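Residue-level structure breakdown
Below, each chain spelled out in residue letters.
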Amino acid sequence: MTIEVRTRSLPATATALGSAGAYTLVVDRPADAGGGGLGFNGGQLLFLAVAGCVSNDLFREARATGLVLHRVEVTVRGDFTGDPAVSTEVAYDVRIDGDAPPEVLRALVERVDSIAEIPNSLRGGTPVRLGHTEIVGARTPTD
């Protein structure tokens, strides 16, 4: 399954709408960095991808084994440093409530940690490359 997402900036702003099929979210820069401060920045989206993946996988794996989960909370922390900035270590915590003994829920979390796609992609250093660039409406500044 190929996943394609897109961002498209709103006219004359750094604010963009991110979309994946029928789903959208707002991507932006902080107001003090030239954006509108209206949405997630890239670093937040990266860490949110980790949290979302772990959460979804916990529910998927629980369902596959007949476990009922009532609530899952995933908190992800990290930072960016250097020039160009790159992510430091990404750490996440899981808080889970379900109809199973603690040792079963802990085993579920440990299993998901070993198979979750986004954390494993980051751990494995997934290559990222620039594809096609299209320049449209280039303008020459005038004095």
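Below, the structure is looked at part by part. (Residues numbered from 1 in each chain as written. Predicted model: local features only at pLDDT ≥ 70, side-chain atom pairs only at ≥ 80, totals over all residues. Heavy atoms only, no water.)

Regarding the nonpolar core
Counting residues in hydrophobic clusters, the biggest one holds 17 residues, and the most contacted among them are Val54, Leu58, Leu69, Val74, Val76 and Leu108. For this core, the secondary-structure elements that each account for two or more residues are helix H1 (42–64), strand E4 (69–77) and helix H2 (102–115). (Core = buried A, V, L, I, M, F, W, Y, C linked by side-chain atoms within 4.5 Å. Buried < 20%, exposed > 50% of the residue type's maximum accessible area, 1.4 Å probe, protein only. Helix = DSSP H or I, 4+ residues; strand = E, 2+ residues; numbered from the N terminus.)

A look at the pattern of salt bridges
Taken as a whole and assessed by the stated rule, the structure comprises eight salt bridges. Glu117 serves as the salt-bridge partner of Arg60, at 3.3 Å between the closest nitrogen and oxygen. Here the residue Arg60 occupies a position in helix H1, and Glu117 occupies one in helix H3 (residues 117–124), the gap between them amounting to 57 residues. By relative accessible area, which is 35% here, Arg60 ends up partly exposed. Note that Arg123 and Asp113 form a salt bridge whose closest N and O atoms lie 2.7 Å from each other. Taken together, the residues Arg123 in helix H3 and Asp113 in helix H2 connect sequence positions 10 residues apart. On the basis of relative accessibility, which here comes to 49%, the residue Arg123 falls in the partly exposed class. Here the salt bridges share partners, and the residues they tie into one network are Asp57, Arg60, Glu61, Arg111 and Glu117. (Salt bridge = Lys/Arg side-chain N within 4 Å of Asp/Glu carboxyl O.)

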